[in-house]
Amino acid sequence: MTAEFNESMRAALQDLIDGHNGQDFALSDGYSTGATYVGRRVISAEQITDWIAVPPGAHGDSLISTVTIDADTAQPISLGDAFTDLDTGLARLSDQAAKILPTTRAGEGFERSGIEPTLANFANWTASPEGMNIHFGDYQVGSYGIGLITITVPWTDLSDVLAPGMEDVLSS
């Protein structure tokens, strides 16, 4: 399971690096530790790596990658695995984010395009006993100055759209 987790984290970061469409940038010398949860049936972690454009701009940005592994099967759990119907699950996450974000540093004026019910907007998520943690990147839900935003959507608000047995795994 350790090998699968490590490989999934490397692949998630490589996807972020490859997604810059040829833009030159440099990664920072380290990374910030994000949320990590090790449950009885799930391992879930967030990795935050800083980058800066070459030549440098006003400031760098953060690259966020997350991985959630089913400890029983040692396989990654995607949002498609987590929800019975992905579109319904994304719509629920979007609705819940609209309710929760005004209570964060993003405030009432948060950037609504950052919570449209798309896979890209909710790709960075981790599991916890309390709920699904959604990690929003720089500029996704507001200005750079608000920093990275994480919200937790309680399992009780997702239980009717999660795949059978998934709440037990993710909240373990």
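Look up a bit, the structure's there.
All of these numbers come straight from a predicted model, not from anything done at the bench.

### Some details on the environment of I149
(1) Moving on: When you line up the elements, I149 lands in strand β7 (residues 149-154).
(2) Moving on: Look at I149 and you get buried, because its relative accessible area is 2%.
(3) Moving on: Sequence separation of I149 and Y139 is 10 residues, and the distance between their C-alpha atoms is 9.9 Å.
(4) Moving on: Beyond its immediate sequence surroundings of up to four residues, I149 is in contact with L101, T104, R105, A106, I134, H135, F136 and V141.

### A few points about the packing of aromatic side chains
To describe a pair of aromatic rings, you give the distance between the ring centres and the angle between the ring planes.
(1) Moving on: With the rule as written, the count across this model stands at two aromatic pairs.
(2) Moving on: When the ring of Y139 is compared with that of Y144, the centres are 5.8 Å apart and the planes differ by 35°; the resulting orientation is tilted.
(3) Moving on: For Y139, a relative accessible area of 44% translates into the label partly exposed.
(4) Moving on: For Y144, a relative accessible area of 32% puts it in the partly exposed group.

### Thoughts on the pairing of strand β6 (residues 131-136)
(1) Moving on: In terms of burial, β6 is a largely internal element, six of the six residues being buried.
(2) Moving on: Of the pairings in the sheet, the one linking strand β5 (residues 125-127) to β6 comprises three bridges and is antiparallel in character. Residue pairing across strands places A127 opposite M132, the latter belonging to β6.
(3) Moving on: Connecting the antiparallel pair β5 and β6 is a turn made up of three residues.
(4) Moving on: Bridge count for β6 against β7 is six bridges, and the pairing is antiparallel. Following the sheet pairing, I134 is matched in β7 by I151.

### Topic: the environment of T49
(1) Moving on: In this structure, T49 sits in strand β2 (residues 42-53).
(2) Moving on: Along the sequence, T49 and D61 sit 12 residues apart, while their C-alpha atoms lie 8.5 Å from each other.

### Here's the deal with the pairing of strand β3 (residues 61-70)
(1) Moving on: Summarising burial for β3: 10 of the 10 residues are buried, a large majority.
(2) Moving on: Residues D61, L63, S65, V67 and I69 of β3 are buried on one face, and the alternating residues S62, I64, T66, T68 and D70, pointing to the opposite face, are buried as well.
(3) Moving on: In this sheet, strand β4 (residues 75-76) lies alongside β3 in antiparallel orientation, the contact comprising two bridges. Bridge pairing links I69 to P76 in β4.
(4) Moving on: Between the end of β3 and the start of β4, which pair antiparallel, lie four residues, with A74 showing a positive phi angle near 60°.

### Quick look at the sheet that holds β6
(1) Moving on: Spatially, the three strands line up as an open sheet ordered β5-β6-β7, and their pairing is antiparallel. Single-partner strands in this sheet number two, and they are β5 and β7. The mean inter-strand angle of the sheet, taken between neighbouring strand axes irrespective of direction, is 25°.

### Examining the pattern of salt bridges
(1) Moving on: If you walk through the whole model with that rule in mind, you get two salt bridges.
(2) Moving on: The partner of R41 in a salt bridge is D72, with the nearest N and O atoms 2.8 Å apart. Of the two residues, R41 is situated in the loop between β1 (25-38) and β2 and D72 in the loop between β3 and β4; the sequence distance between them amounts to 31 residues.
(3) Moving on: Assessed through its relative accessible area of 29%, R41 is described here as partly exposed.
(4) Moving on: The closest approach of N and O atoms between R92 and D160, which form a salt bridge, is 2.7 Å. Note that R92 is positioned in helix α3 (residues 86-100) and D160 in the loop between β7 and α4 (166-170), a separation of 68 residues in sequence.
(5) Moving on: Of the residues examined, D160 reaches a relative accessible area of 57% and is grouped as exposed.

Criteria and cut-off values
Residues numbered from 1 in each chain as written. Predicted model: local features only at pLDDT ≥ 70, side-chain atom pairs only at ≥ 80, totals over all residues. Heavy atoms only, no water. Helix = DSSP H or I, 4+ residues; strand = E, 2+ residues; numbered from the N terminus. Buried < 20%, exposed > 50% of the residue type's maximum accessible area, 1.4 Å probe, protein only. Contact = heavy atoms within 4.5 Å. Phe/Tyr/Trp six-rings, centres within 6.5 Å; stacked < 30°, edge-to-face > 60°. Pairing = 2+ DSSP bridges. Axes fitted to C-alpha atoms, helices over the stretch in contact; angles between N-to-C directions. Salt bridge = Lys/Arg side-chain N within 4 Å of Asp/Glu carboxyl O.

As far as function goes, none of this settles anything; it's purely spatial.
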